[in-house]
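A closer look at the structure
Here is how the chains run, residue by residue.
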Amino acid sequence: VQLVESGGGLVQPGGSLRLSCAASGFTFSIFAMSWYRQAPGKERERVAGFASAGGSTNYADSVKGRFTISRDNAKNTVYLQMNSLKPEDTAVYYCHARNSLRDYWGQGTQVTVSS
């Protein structure tokens, strides 16, 4: 089982990034996918996700209107489009897959928002 995130990097405030998470080794389409983040000294928080494998999306208040999660089951990939980035969005972003029996985590990708 693998979840491999990509697309992180350094971006100026107000900029955009698109994170990708490529999944393998499990039946991607039946898992609820989410993105979490963890900033230094803070707990990991869920920023965006699907309520179920084919369900609706929900977002943390801090990113509503700026971030969009999407998935492509044909490519076994989930995305996080991040717009209007702020310095407080700086964190390691993790991909998470969950169903009723198990869950999986990716290794994370660093996002740094700084001028």
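The present account deals with the structure reproduced in this document. (Residues numbered from 1 in each chain as written. Predicted model: local features only at pLDDT ≥ 70, side-chain atom pairs only at ≥ 80, totals over all residues. Heavy atoms only, no water.)

This part covers the overall build of the protein. Counting its secondary structure elements, the protein contains zero helices and 11 strands. Along the protein, helices (α) and strands (β) appear in the sequence β-β-β-β-β-β-β-β-β-β-β when read from the amino end. Compactness check: the protein gives a C-alpha radius of gyration of 13 Å against a globular reference of 13 Å for 115 residues, within 12% of the reference. Expressed as lengths along the three principal axes of its C-alpha atoms, the size of the protein is roughly 40 × 25 × 25 Å. By the burial criterion, 42% of the 115 residues in the protein qualify as buried. Across the protein, every contact between residues at least 6 apart in sequence was considered, and the portion connecting residues at least 24 apart equals 53%. As presented, the protein carries roughly 5,900 Å² of accessible surface, and 46% of it is formed by carbon and sulfur atoms. (Helix = DSSP H or I, 4+ residues; strand = E, 2+ residues; numbered from the N terminus. Rg over C-alpha atoms; globule rule 2.2 N^0.38 Å. Buried < 20%, exposed > 50% of the residue type's maximum accessible area, 1.4 Å probe, protein only. Contact = heavy atoms within 4.5 Å. Areas by Shrake-Rupley, 256 points an atom, 1.4 Å probe, with all protein chains shown as cover.)

Attention now moves to the pattern of salt bridges. Per the counting criterion, the structure on display carries four salt bridges. Close ionic contact of Arg37 with Glu45 constitutes a salt bridge, the shortest N to O distance being 2.7 Å. Given the relative accessible area of 6%, Arg37 is considered buried. Judged by its relative accessible area of 31%, Glu45 is partly exposed. Salt-bridge contacts for Lys64 lead to Asp61; the nearest nitrogen and oxygen are separated by 3.2 Å. (Salt bridge = Lys/Arg side-chain N within 4 Å of Asp/Glu carboxyl O.)

It is worth spelling out the pairing of strand β7 (residues 67-72) at this point. Burial of β7 is one-sided: the residues Phe67, Ile69 and Arg71 facing one way are buried, the residues Thr68, Ser70 and Asp72 facing the other way are not. The loop that links β7 with its antiparallel partner strand β8 (residues 77-82) comprises four residues; one of these, Asn76, has a positive phi angle of about 50°. (Pairing = 2+ DSSP bridges.)

Here we take up the pairing of strand β5 (residues 45-50). Here four bridges tie strand β4 (residues 32-38) to β5, and the two strands are oriented antiparallel to one another. Pairing of Arg37 across the sheet is with Glu45, part of β5. Here β4 folds back onto β5 in antiparallel fashion, the turn holding six residues, of which Gly41 has a positive phi close to 75°. Pairing of β5 with strand β6 (residues 57-59) involves three bridges; the strand directions are antiparallel. Its bridge partner being in β6, Gly49 is matched across the sheet by Asn58.

Another point: the state of the cysteines. Applying the stated rule across the entire model yields one disulfide. Covalent S-S linkage joins Cys21 and Cys95, the inter-sulfur distance amounting to 2.1 Å. The S-S bond linking Cys21 to Cys95 shows a torsion near -80°; that makes this disulfide left-handed. One end of the pair, Cys21, is in strand β3 (residues 17-24); the other, Cys95, is in strand β9 (residues 91-98), with 74 residues separating them in the sequence. Of the two residues, Cys21 and Cys95, both sit in the buried class. (Disulfide = S-S within 2.5 Å.)

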